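Secondary and tertiary structure notes
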Amino acid sequence: MCGIVGAIAQRPVAAILLEGLKRLEYRGYDSAGLAVLSTERGMHRLRTLGKVSKLAEAVAAEPMPGSIGIAHTRWATHGEPSTENAHPHLSGERCAIVHNGIIENHATLRAEQLAAGHTFTSQTDTEVVVHAVYDALAAGHGLTDAVRRTTARLDGAYALGVIDAEDPSQLIAARQGSPLVIGVGFQEHFIASDVFALLPVTNRFIFLEEGDLAELRLDGVTIWDRDGRVVERPVRESSVAADSAERGEYRHFMQKEIFEQPRAIADTLEGRLAAEHVLPEAFGPEAEAVLARVEAVTIVACGTSYHAGLVAKYWIEALADLPCRVEVASEYRYRKHVVPANALFVTISQSGETADSLAALRIAKDSGYAKTLAICNVPESSLVRESDLVLLTHAGPEIGVASTKAFTTQLVALLLLTVNLARTRGMDAAAEAHAVGLLRGLSSQLEEVLAIDPQIAALAERFVEKHHCLFLGRGEEYPIAMEGALKLKEISYIHAEAYPAGELKHGPLALIDEDMPVVAVAPNNALLEKLKSNLEEVRARGGQLFVFADTQVPMQEEPGITVIRLPETDDLIDPLVFTIPLQLLAYHVATLKGTDVDQPRNLAKSVTVE
Ligand code: G6P
């Protein structure tokens, strides 16, 4: 989703801005631009449709001196992807802005501004913001005040960076509903929509709060809160290394992130397991008492994180004996709910900035939940800051739009939560020790699964020409089938959907023919015989079956059935083990098709607007 970078320094900033945009590419975008102020050229703007590398070529051809500037990668919401709609937007060649989010009252403001004589050059909701700032400047207000007056009139979500050609001593930032950080340097300051953009120039950050307005100068930063009071926000040091967002020897970030999973899981478990039990402190100091009182769990998330929640429902109801509901955040936030007594509200999010998940959390906080818990990969994110309890997944930066290591580390975090809840409700010590043993062995087990990569690469050739694919699973493998289907459709653009295998004859069986590959997730568990009957139904209709089965599953290759063997595992961790080959399958199909694996078309990594 859109990315912002801005800088005010005593050195040329164009290269810093371009590098920042490159580092935000993973968020997904369709066009890019920057505006730099200099005494030589005044306000100088360049915008291009497509990749940041094209913008860099344009800058190389038309150098941009100047030590203050703003830059943006745009992911179209209002108005098609085009150069005219790309940011920064200008008004009167005087002020320039970059914006993330959506201005909901843009139509009203646009009508007023048209009547007042402004000319619009884009179809974006953003352009009204720059004209409003311009009008306030023209009326004699300083830049900070002009932005304050403008934001007071905006409904919706925004993160803004603003510069004024007549006052190059300051860069203004504002945040409401979309994340924005300030990078603190020595006699130089920066803004960005996330810290990765700025890691080459600083590791010290101020995270703006909702409603904050900030004035960045060479010598300092002043921040006002939503009530207009000057506030001090803490400066935090980021431990993320500047090179952690680099691809190394791998062809794609997604591939790197798939192979990083054993390490990411080990990091997520670090410091959270004693010899035979899960440490309750993993959830924070007050967690044990809180979790002991929980009588119901509601989980809300989006995309892949939602799938992790669906797996957890099976775990929490089976092991902790607690009712657990799981819902996508975009649905949850717009309906009336019945909140169970003493219920824990859990959000799951890689980024911690997904607009719908954040909105759902805010609603839950006002609707009588006992406590909120965030399972999240970004320590400084809004979701983490606004939740009572936090369990961080230590997956490291995830760059590929299709989530992989974030998902499996979320599953690990949810297993820790399940075991903690189960213990407070009578899980015996032997069962807990068994679970802990499985968690400890998980990384090496996943290494074994990753070793079948060449086999999956060969298998992928049989999917390349297909247009549709069905994924089947039962029990907690059903959400894994959903995740497998999501991975395939996201990056290979093959239409894929998942069904609980028992639902086959209620509709999808009608689709089965020799052109419809059917992928089945088949661990050796209590539902295996049921699943096998469902698979026979597919076979009898000429469907091509691809069964992922562990070594204990008595199933042979026959015409129409390809069996991919996985190491023997325990029911509890099957969902993690069976996720890996489905990720690899999607990855290899996509690379064979030549799609943009890390930045699939139309998708964004961090969905910070509704
Ligand atoms: C986007 C991403 C997905 C992700 C989802 C939820 O759609 O492309 O990979 O699962 O958002 O994101 P979150 O950061 O909340 O987990």
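Going by the annotation in an unreviewed UniProt entry, the name recorded for the chain is Glutamine--fructose-6-phosphate aminotransferase [isomerizing], with Thiohalocapsa halophila given as the source organism. Taken verbatim from the UniProt record of the chain, the Catalytic activity (unreviewed entry) comment is "D-fructose 6-phosphate + L-glutamine = D-glucosamine 6-phosphate + L-glutamate".

Once that is clear, we can look at the site of the ligand. The environment of the ligand is made up of 13 residues, and the closest members are Ser305, Ser349, Gln350, Ser351 and Thr354. Between the ligand and the protein, one listed contact pairs an oxygen atom with a side-chain N or O atom of threonine 354 at 2.5 Å. Taking valine 401, its main chain carries an N or O atom lying 3.0 Å from an oxygen atom of the ligand. Its free accessible area being 390 Å², the ligand has 90% of it covered by the protein chains. It is helix α9 (residues 303-320) that contributes the most residues to the shell around the ligand, 3 residues altogether. Taken together, the residues of the shell around the ligand break down into 4 nonpolar, 8 polar and 1 charged.

On to the UniProt feature "active site" (unreviewed entry) in the chain, then. Residues annotated in UniProt with the feature "active site" (unreviewed entry) correspond here to Cys2 and Lys605. Taken along the chain, the residues just named run across 604 residues; in space they keep tight, none of their C-alpha pairs more than 9.8 Å apart. Tracing the backbone through its elements, the reader meets cysteine 2 in the segment before β1 (3-8). For cysteine 2, the residues in contact, after removing those within four places along its chain, are Arg27, Gly28, His72, Thr73, Arg74, Trp75, Asn100 and Ser193. Along the chain, lysine 605 turns up in the segment after α18 (574-593). On the basis of relative accessible area, lysine 605 is assigned to the buried category, the value being 12%.

Let's shift gears to the packing of helix α7 (residues 261-269) against helix α13 (residues 405-424). Running from amino to carboxyl end, α7 crosses α13 at an angle of 30 degrees, the nearest separation of the two axes being 9 Å. In this structure, α7 crosses over α13, and the sense of that crossing is right-handed. Note on element contacts: α13 touches α7 through Lys405, Thr408, Thr409, Val412 and Leu416, opposite Gln261, Ala264, Ile265, Thr268 and Leu269. Grouping the amino acids of the contact of α7 with α13 by side-chain chemistry returns 5 nonpolar, 4 polar and 1 charged.

Within this structure, the stated rule accounts for 32 salt bridges. Measuring nitrogen to oxygen at the nearest pair gives 2.5 Å for the salt bridge that ties glutamate 398 to lysine 605. Here glutamate 398, found in the loop between β20 (389-392) and α13, pairs with lysine 605, found in the segment after α18; they are 207 residues apart in sequence, far enough to count as distant. For the pair glutamate 398 and lysine 605, one class covers both residues: buried. Look at the salt bridges and you will find they share partners, linking Arg175, Glu210, Arg362 and Glu386 into a network.

This part covers the UniProt feature "domain: Glutamine amidotransferase type-2" (unreviewed entry) in the chain. The positions UniProt marks with the feature "domain: Glutamine amidotransferase type-2" (unreviewed entry) are residues 2-219. Taken as a whole, residues 2-219 contains 23% helix and 31% strand, while its terminal C-alpha atoms sit 28 Å from one another.

Conventions adopted
Residues numbered from 1 in each chain as written. Predicted model: local features only at pLDDT ≥ 70, side-chain atom pairs only at ≥ 80, totals over all residues. Heavy atoms only, no water. UniProt positions renumbered as here; feature names shortened; annotations may be inferred. Near = heavy atom within 4 Å. Polar contact = N/O pair within 3.5 Å; in protein donor to acceptor, adjacent residues only side chain to side chain. Areas by Shrake-Rupley, 256 points an atom, 1.4 Å probe, with all protein chains shown as cover. Helix = DSSP H or I, 4+ residues; strand = E, 2+ residues; numbered from the N terminus. Nonpolar A, V, L, I, M, F, W, Y, C, P; charged D, E, K, R; others polar. Contact = heavy atoms within 4.5 Å. Buried < 20%, exposed > 50% of the residue type's maximum accessible area, 1.4 Å probe, protein only. Axes fitted to C-alpha atoms, helices over the stretch in contact; angles between N-to-C directions. Left-handed = near helix turned anticlockwise from the far one by under 90°. Salt bridge = Lys/Arg side-chain N within 4 Å of Asp/Glu carboxyl O.

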